[in-house]
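Structural features, examined
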Amino acid sequence: MIQLVQILFILSVLVILHEFGHYITAKMFKVRVEKFYLFMDAGFSLVKKKIGETEWGIGWLPLGGYVKLAGMIDESMDTEQMKQEAQPWEFRSKPAWQRLIIMLGGIIVNILLAWFIFTIMYTTVGKKVISTEELQKNGLSFGEVGQHVGFKNGDKIIGIDGKFHDDFKFMTMGVLFGDKVEIDRQGEKIELLLTDEQKGEIIKKEGRGFVHARSNINRYFIDSYTGQNKVFEKYDEIIGVNNKRFTYVDEFVDIMKNLKNDSITFIINRNNTEINVKTAVDTSLTNLKNYGLAYNYNLKNSFISGLAENSVGEKQGLEFNDRMVSINNTKIETNKELNKVLSENKEKEITLTVLRKGKEKSIKIKLDKTGKLGIGLDDKEEEKFTVVEKLGFAEAFPEAVKQSWSLFKYNVQSLKLIARPKTGAYTQVQSPIGIARRLPDTWNWEFIWNFTALFSIGLAFMNLLPIPGLDGGHALFTIAEMITGKTLSDKAMGYVQTAGMIILLTLMALTFGKDIYFWISEVFFNKK
């Protein structure tokens, strides 16, 4: 529900301000605005009120919004007034340059909004950058697809088409957008040229999560193991194999995937004692899907970031951002300790004390036979790679413009990627429903405003596309008129507008249909 409210709030802000851009520029040139609507009022509106010459309202269909200008063929496809003689207050009677400004008014406001939000954010909470240098100081860890296309654990990305990105999120996107990836592999410079098919494999199977910082193996413990050879016990920590000690999880993964020995000796920390366990190698031992590794969070720095639907935790009063303090008045400091105590109290009632909004709160919880609360934890470990720089206004504004330009280029590059069928990027295009499902489950104003700025640039780019029915389509015809001195007839404009609307509605039906299908599959059939 919070995700839905967030996306509706963001869309409402963006749509109202975008349409206000058209409204205010129309008023500047004395064009009559007949309607101003948030969302579409196909058939009927939820709320409407006429003030002066303009009907203000909210439609029932959350697919954007619109302003209806007198003397213009737009989304409403109202051609009746076009049959009458042009009036001074109509859009069609104004000079081409004024009509162009009115058409671009929404896009201009979207860009100004992004500049404004980024400027305010940089001067208050600061400009936050995921430092590429810090994150890959010890090299990077890649998923199965990343390794399949040529990366190796421990690689450092030093450039995309000759450019180094300070912000890691732009570096990872650059891998998909660029042609040549430059890598530092243990001091040796390597160049990867990814094909569209390889990029498609990354997009489809792993997305931007195909690469991340390396994780220290001493922060993990065995939560479950389903292999035939019962070599591990719950809560074991894997330290190394065959006299080789690990530092990172990916080192263990690489060895197990490539293991060809008949037997193997694991170095294990069991109950704070280091032991060696020798076992025969079989296919279940080398199948990494049989290993359930859990992250041993420090509970002092961790909080609940997820609650499974209908889980014990959700039903019995736990909330997002709660921090675990104690169980039955015994302090718990790590995720391993938490799991042990819960397991020992299956089907019993416990008193769980949490820190909520700075105050301790005790909650009676009756555990089920699994001994699980159904919660997800987060300690914002990735924030150690985040560099925060508070800027004064004189510095913040140009940085806001620079960030907006980077995001605009990202949209251009995304469209290029979508236009290359072999990448399969077109299958990842999302409607507001798909976007909402990826939003956080908690209300966070910093995230919301940053996302609004990002979305505002995306909306500006989309509306700039020269497609009939979008602002860019109208602007294109107006520019052509300014160059040639000729205009399309009302009849021809009607046909063009109809074709554009068919294209847009078809694309919307496809993206909404896909996202609704996946949402229903997740909710009712537990498919992901």
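To continue, consider the pattern of salt bridges. Counted by the stated rule, this structure contains 24 salt bridges. A salt bridge links Asp167 to Lys169; the nearest nitrogen and oxygen atoms lie 2.5 Å apart. Relative accessible area serves as the criterion here: at 29%, Lys169 is assigned to the partly exposed category. As a salt-bridge pair, Glu319 and Arg356 come within 3.4 Å of each other at their nearest N and O atoms. One end of the pair, Glu319, is in the loop between α9 (312-315) and β16 (323-327); the other, Arg356, is in strand β18 (residues 349-356), and 37 residues separate them in sequence. One network of salt bridges, in which partners are shared, links Lys27, Arg32 and Glu53.

Turning to helix α6 (residues 196-205), a few remarks are in order. Taken as a whole, α6 has its buried residues at Asp196, Lys199, Gly200, Ile202 and Ile203. When α6 is viewed along its axis, its buried side chains cluster within an angular range of 160 degrees and face the same direction. Residues of α6 that are exposed and point over 90 degrees away from its buried face: Lys204 and Lys205. Buried positions along α6 lie against α4 (144-148), α5 (168-177) and α11 (393-418).

Here the focus is the sheet that holds strand β10 (residues 237-241). Across the sheet, which stays open at both edges, the four strands sit in the order β11-β10-β12-β13 with antiparallel pairing between neighbours. Of all the strands in the sheet, just β11 (244-245) and β13 (273-280) have a single pairing partner and so form its edges. Across four bridges, β10 lies against strand β12 (residues 263-270) in antiparallel orientation. Each residue of the ladder has a partner; that of Ile238, found in β12, is Ile268.

Mapped onto the fold, Thr478 is located in helix α14 (residues 471-484). Given a relative accessible area of 6%, Thr478 falls into the buried group.

Before going further, it helps to examine the environment of Thr283. Within the secondary structure, Thr283 sits in helix α8 (residues 283-286). Taking the C-alpha atoms as reference points, Thr283 and Gly227, separated by 56 residues in sequence, lie 8.5 Å from one another.

With that out of the way, let us pick up the confidence of the model for the protein. Counting all residues, the mean pLDDT for the protein is 86, and 88% of those residues have values of 70 or more. The model gives residues 514-528 a pLDDT under 50, and that stretch makes 17 contacts with residues more than four places away or in other chains.

Turning next to helix α10 (residues 335-344). Turning to α10, its buried residues number three or more, namely Asn335, Lys336, Leu338, Asn339 and Leu342. Buried residues of α10, seen end-on, are gathered within an arc of 160 degrees and therefore sit on one face of the element. Against the buried residues of α10 lie β9 (220-225), β10, β14 (291-295), β16, β18 and β20 (375-378).

With that settled, the discussion passes to empty space enclosed by the protein. One pass over the structure, following the stated rule, counts one cavity of 30 Å³ or more. Approximately 30 Å³ is the volume found for the largest cavity. Contributing to the lining of the largest cavity are Ile217, Tyr220, Phe221, Glu237, Ile238 and Leu293.

Reading across from one edge, β5-β6-β7 is the order of the three strands in this open sheet, with antiparallel pairing throughout. Of all strands in the sheet, those bounded by a partner on one side alone are β5 (156-160) and β7 (188-192). Within the sheet, the average angular offset between the axes of one strand and its neighbour, ignoring direction, is 30 degrees. Summarising the sheet, β5 and strand β6 (residues 181-185) pair through four bridges and their orientation is antiparallel. Each bridged residue has a counterpart across the sheet, and for Gly159 the counterpart in β6 is Glu182. The sheet contacts of α5 involve β5 and β6, and relative to β5 the element is tilted by about 65 degrees.

Parameters at a glance
- Residues numbered from 1 in each chain as written.
- Predicted model: local features only at pLDDT ≥ 70, side-chain atom pairs only at ≥ 80, totals over all residues.
- Heavy atoms only, no water.
- Salt bridge = Lys/Arg side-chain N within 4 Å of Asp/Glu carboxyl O.
- Buried < 20%, exposed > 50% of the residue type's maximum accessible area, 1.4 Å probe, protein only.
- Helix = DSSP H or I, 4+ residues; strand = E, 2+ residues; numbered from the N terminus.
- Arc of directions from axis to C-beta.
- Contact = heavy atoms within 4.5 Å.
- Pairing = 2+ DSSP bridges.
- pLDDT = per-residue confidence, 0-100.
- 1 Å grid on protein atoms, 1.4 Å probe; cavity = no way out; pocket = protein on both sides within 12 Å on 5 of 7 lines; lining within 4 Å.
- Points joined across faces, edges and corners; volume = space filled by probe spheres on them.
- Axes fitted to C-alpha atoms, helices over the stretch in contact; angles between N-to-C directions.

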